[in-house]
Amino acid sequence: MDIPVLIIGTGPSGATAALHLGRLGVKSIVVSRHRGTANTPRAHIFNQRAMEVLRDAGIEAECYREASSMEHMAHSSFLDKLTGQEYGRLWAWGNKPQQKGEYEAASPCSMSDLPQSHLEPILVDEAKKLGAQVRFYTEFVSVTQDESGVSTILRDRETERSYTIRSEYLLGCDGARSAVVSALGIPITGRQINTAFNVHIQADLTKYIAHRPGSLNWILNPEAPDWSAVGNFRMVRPWHEWVVSMHPASKNGKRHTPSEGDIIKRLHQMIGDTGIPIKVLSTFEWTINDQVADYWQRDRILCIGDAVHRHPPINGLGSNTCLSDAFNIAWKLAYVIRGIARPALLETLGVERKPVGDSIVRRANAGMEAHRTLWSIIGLAPEDRQRALVMLSEDSPAGRRKRRDWTNALEAIDAEVQALGIQMNQCYVGSPGIIAEAGDSSPDFNTLDPIKQLKVSTYPGYHLPHVWLSKNSQSMRESTLDLAGHGRFALFTGVGGDCWISAAKALTASAWGVEVVGYKVGFGGDYMDCYREWAQVRGVNEDGVVLVRPDHFIAWRHPCRSDHAEAQLRCVLEKILGF
């Protein structure tokens, strides 16, 4: 083999996969048809679950240095123009005072605004340090596979020379126009809904934004041309660099090619101040999709990221889901390539991640429709807007109904910008890579809002709850997520659970090659349960055990100590790893 893993695409999913594979000692070649990493900001909202993936990779601090903070993301505003009437605003991205504690309790990480053009170089550089070869301006041509590996023809776009790479596995991470998905003939269910137009600009808008800081500033004014009926000033760098998205009035999919003069005129009209200097850095059209791949894998070829789930940027779920896709598959590939697991483990990718990908496509498109409902209530045509504003100000039953409708429409959009649940509630219950014992009861979350509220459980298939622990009174606190991950299995037990610690040590010392690190939490243990929160969420007795996969998901739990702990743990791991 030329290389264990060939990755097509250097975006968030491909570069993250290469980085995590490198941390586990598996080398890869990563190719991109472009000349370099992203040259426009593209994705920018990174939620806590995605930041946990970057934290596990050891680059969280560097990413925060490049990002704008939560405080800069505090609002989403809806205005006639930046200098004009404000119709409403929402707390956003964890900044709502009543919910800040929920975000802090959910994760050791905080949300950030990190433009993709700043994130990708960090991912690629770190992957290179760990042995990944990165080849830009290299195009995927075709692929074949057999029982022993994958043969991929690539073309150097500079020299026009084609050559073949032989790899054990191929990862298709090449975005919404995935050539790998097309080459495999994987059916795509859904449709392209519309097109939108983006303009990347530099303009100092401090005096219009800084007093109500926010990464999203929606402009709804009736003077807009059809090709830009609704606009959004999306922060890239506060408060002088922006991506302005412009959405057409109709959903006919018609393409628009405004001149730079038209664009500048429209931008000044959206700002409401023709004296603001504007520098256009780039323009690009994009497609609003509602599409999912029917499956994610064909034998040794696996596809992740936007290649298999395509949707509008509502809720900021795109790149976040790409990072989690990569985190899910990287450790599995590494274990299979190193002989620790059987190839059957790879088949859990689609079982676990496709439901997540499909759900975020549904949610993003539902959120897009919530915006369209808001637009219809306020009216986009001049006469409709005038009637709406009169009605909103009117002291009458009709006026009260109009204000109630407007408030309800804004609250529906709150499910986009203050949505802890949809960001964090990924769940793999029922996967072959998860073992639930007979008689273990799954949690009942029927009364919980799955979009806005966090599901906390150690039931197998749920994400490991974040709890702060500390070795002693003189040490820094550490998250349970920091003790888990890093390419290892981890188990947590308590007073009376020494058998599980011994089992973890014995299996790690065996010739198998599986590393299991064990932690005893509680009095006399390795870590103090500082705030008594682990006892509340562990879901087993003190002498029971919770086993966590390398990607932070609960693999298995047992309620109490066992006289056959080592054999029991080995049996569970064998099932999880495909034996």
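Residues numbered from 1 in each chain as written. Predicted model: local features only at pLDDT ≥ 70, side-chain atom pairs only at ≥ 80, totals over all residues. Heavy atoms only, no water.

1. Here we look at the overall build of the chain
Stated precisely, the cut-off is as follows: For helices the rule is a DSSP run of H or I covering at least 4 residues; for strands it is a run of E covering at least 2, with both sets numbered from the N terminus onward. C-alpha atoms define the radius of gyration in this analysis, and the globule rule sets the expected value at 2.2 Å times the number of residues to the power 0.38. Burial status follows relative accessibility: with a 1.4 Å probe on protein chains alone, a residue under 20% of its type maximum counts as buried, one over 50% as exposed, and anything between as partly exposed. Contacts are residue-level and defined by heavy atoms, with any inter-residue pair within 4.5 Å sufficient. Method for areas: the Shrake-Rupley scheme with a 1.4 Å probe, in which residue coverage is limited to the protein chains shown. In this count, Lys and Arg are taken as positive residues and Asp and Glu as negative ones, while His and the chain termini are left out. A charged residue contributes its charge at one atom only: NZ of Lys, CZ of Arg, CG of Asp or CD of Glu.
The helix and strand tally for the chain stands at 17 helices and 24 strands. The C-alpha atoms of the chain give 25 Å as radius of gyration, which agrees with the globular expectation for 579 residues (25 Å, within 12%). In the chain, buried positions account for 58% of the 579 residues. Counting contacts in the chain only where the partners sit at least 6 residues apart, residues at least 24 apart contribute 73% of the total. With the model as given, the accessible surface of the chain reaches about 22800 Å², and the carbon-plus-sulfur share is 49%. Between the mean site of the 63 positive side-chain charges and the mean site of the 65 negative ones, the chain shows a separation of 2 Å.

2. Quick word on the state of the cysteines
Counted only if it meets this: Disulfide: a pair of cysteine sulfur atoms within 2.5 Å of each other.
A full pass over the atoms with the stated rule returns zero disulfides. No disulfide involves Cys 173; its sulfur sits 7.9 Å from that of Cys 303, the nearest cysteine. Looking at Cys 173, the relative accessible area reads 6%, which means it is buried. Among the cysteines around Cys 571, which has no disulfide bond, Cys 499 carries the closest sulfur, lying 16 Å off.

3. Looking at the domain arrangement of the chain
Put simply, the rule is: For each domain, the first and last residues come from an automatic or database assignment. Buried area: the sum, over both parts, of the accessible surface (1.4 Å probe) that disappears when the two are put together. Counted as salt bridges are all cases of a side-chain nitrogen of Lys or Arg within 4 Å of a carboxyl oxygen of Asp or Glu. Polar contacts here mean pairs of N or O atoms no more than 3.5 Å apart (in protein, one a potential hydrogen donor and the other a potential acceptor; neighbouring residues in sequence count only if both atoms are side-chain atoms). By the convention adopted, Pro, Cys, Tyr, Trp, Phe, Met, Ile, Leu, Val and Ala count as nonpolar, Lys, Arg, Asp and Glu as charged, and the other residues, Gly among them, as polar.
Assigned domains within the chain: domain 1 (3-65 + 112-185 + 293-353), domain 2 (364-416) and domain 3 (462-577). Computed over C-alpha atoms, the centres of domain 1 and domain 2 are 41 Å apart. Between domain 1 and domain 2, the contact holds four residues from the first and seven residues from the second. Among the residues of domain 1 in contact with domain 2, Pro 312, Ile 314 and Asn 315 are the three that bury the most area, contributing 86% of the side total. At the boundary of domain 1 and domain 2, one finds zero salt bridges. The interface formed by domain 1 and domain 2 holds two residue pairs in polar contact (both at pLDDT 80 or more) in total. When grouped by side-chain class, the residues that make up the side of domain 1 that touches domain 2 number two nonpolar, two polar and no charged.

4. A few points about the side chain of Ser 228
Of note, Ser 228 is situated in the loop between β12 (214-220) and β13 (230-237). Apart from the residues within four sequence positions on either side, Ser 228 is in contact with Met 246, His 247, Pro 248 and Arg 266.

5. Notes on the nonpolar core
Put simply, the rule is: The set of buried Ala, Val, Leu, Ile, Met, Phe, Trp, Tyr and Cys residues whose side-chain atoms join them within 4.5 Å is what this entry labels a nonpolar core.
Within the largest apolar cluster, 91 residues are counted, with the highest numbers of intra-cluster contacts made by Phe 489, Leu 547 and Leu 577. If you tally residues by element for this core, the top one is helix α9 (residues 318-337), at 10 residues. Built from parts of two domains, this core gets at least three residues from each of domain 1 (3-65 + 112-185 + 293-353) and domain 3 (462-577). The residues contacting Leu 577, other than those within four sequence positions of it, are Trp 331, Tyr 335, Ile 340, Ala 341, Arg 342, Leu 345, Phe 489, Trp 512 and Val 514. Membership of the second largest hydrophobic core comes to 32 residues, among which are Tyr 103, Trp 218, Met 368 and Val 417.

6. Some thoughts on the sheet that holds strand β14 (residues 241-247)
As a reminder, the rule being used: Strands qualify as paired when DSSP identifies two bridges or more between them.
Taken together, eight strands build an open sheet; the order of strands is β5-β4-β12-β13-β14-β11-β15-β18 and the sheet is mixed. At either margin of the open sheet sits one strand with a lone partner, and together these are β5 (86-91) and β18 (309-310).

7. Observations regarding the sheet that holds strand β24 (residues 554-558)
Sheet strands pair via backbone hydrogen bonds, and the direction of the pair is either parallel or antiparallel. As a reminder of what qualifies: Where helices are involved, their axes are fitted lines through C-alpha atoms of the stretch in contact, as for all axes, and angles between N-to-C directions lie from 0 to 180°.
Strands sit in the order β22-β21-β23-β24 across an open sheet of four strands; the sheet is mixed. In the strand order of this sheet, the two ends are held by β22 (516-520) and β24, each with one partner. For this sheet the average axis-to-axis angle between neighbouring strands, irrespective of direction, equals 15°. Relative to strand β23 (residues 545-548), strand β21 (residues 489-493) runs antiparallel, the two being bridged by three bridges. Bridge pairing links Leu 491 to Leu 547 in β23. Along the sheet, helix α17 (residues 565-576) contacts β21, β22, β23 and β24; its crossing angle with β24, the most-contacted strand, is approximately 155°.

8. What to know about the pattern of salt bridges
Between side chains of opposite charge, a pair can form as their charged atoms come close. Counted according to the given criterion, the structure contains 26 salt bridges. Residues Arg 55 and Asp 482 are paired through a salt bridge, measuring 2.7 Å at the closest nitrogen-oxygen approach. Separated by 427 residues along the polypeptide, Arg 55 in helix α2 (residues 48-56) and Asp 482 in helix α14 (residues 480-483) bring together distant segments of the chain. A salt bridge links Lys 520 to Asp 498; the nearest nitrogen and oxygen atoms lie 3.1 Å apart. You can see Lys 520 sitting in strand β22 and its partner Asp 498 sitting in helix α15 (residues 498-509), a full 22 residues away along the chain. With relative accessibility at 15%, the residue Lys 520 sits in the buried group.

9. Quick notes on the packing of aromatic side chains
Put simply, the rule reads: Two aromatic rings from Phe, Tyr or Trp, using only the six-membered ring of Trp, form a pair when their centres are within 6.5 Å; if the ring planes differ by under 30 degrees the pair is stacked, by over 60 it is edge-to-face, and anything between is tilted. A positively charged side chain is recorded as over a ring if its NZ (Lys) or CZ (Arg) lies within 6 Å of the ring centre. The angle to the ring normal must also be within 35 degrees.
Counted under the stated rule, the structure contains 15 aromatic pairs. When the centroid spacing of 5.8 Å and the interplanar angle of 90° are considered together, the rings of Trp 331 and Phe 489 count as edge-to-face. Of this pair, Trp 331 sits in helix α9 while Phe 489 sits in strand β21, and the two are 158 residues apart along the sequence. Across the pair, Phe 489 and Trp 331 agree in class, each one buried. Of note, Arg 300 hangs over the ring of Tyr 169, and the distance from its end group to the ring centre comes to 4.9 Å. Above the ring of Trp 468, the side-chain terminus of Arg 477 is found at 4.1 Å from the ring centroid.

10. Notes on the packing of helix α10 (residues 348-378) against helix α12 (residues 397-417)
Applicable threshold: The scheme is simple: roughly parallel for angles under 35 degrees, roughly antiparallel for over 145, roughly perpendicular for 65 to 115, oblique for anything else. For any helix crossing, the convention is left-handed if the near helix is rotated counterclockwise from the far helix by under a right angle, and right-handed if that rotation is clockwise.
Their axes nearest at 9 Å, the elements α10 and α12 cross at an angle of 155°. The angle between the axes of α10 and α12 places the two elements in the roughly antiparallel class. Once α10 is placed against α12, the crossing between them reads as left-handed. Within the contact between the two elements, α10 uses Arg 363, Ala 370, His 371, Leu 374, Ile 377 and Ile 378 and α12 uses Lys 402, Asp 405, Trp 406, Ala 409, Leu 410, Ala 412, Ile 413, Ala 415 and Glu 416. Classifying every residue of the contact of α10 with α12 by side-chain character gives 10 nonpolar, one polar and four charged.

11. A look at the environment of Ile 219
Looking at the element boundaries, Ile 219 is found in strand β12. Excluding anything up to four places from it in sequence, Ile 219 contacts Leu 79, Asp 80, Lys 81, Leu 82, Ala 229, Val 230, Gly 231, Phe 233 and Met 270.

12. Structural notes on the packing of helix α1 (residues 12-23) against helix α5 (residues 116-129)
Close contact between α1 and α5 brings their axes to 8 Å; oriented N to C, the two are set at 25°. With respect to α5, the element α1 is oriented roughly parallel. In this structure, α1 crosses over α5, and the sense of that crossing is left-handed. Contact residues: Pro 12, Ala 15, Thr 16, Ala 18 and Leu 19 in α1; Gln 116, Glu 120, Leu 123, Val 124, Glu 126 and Ala 127 in α5. Partitioned by chemical class, the residues of the contact of α1 with α5 number seven nonpolar, two polar and two charged.

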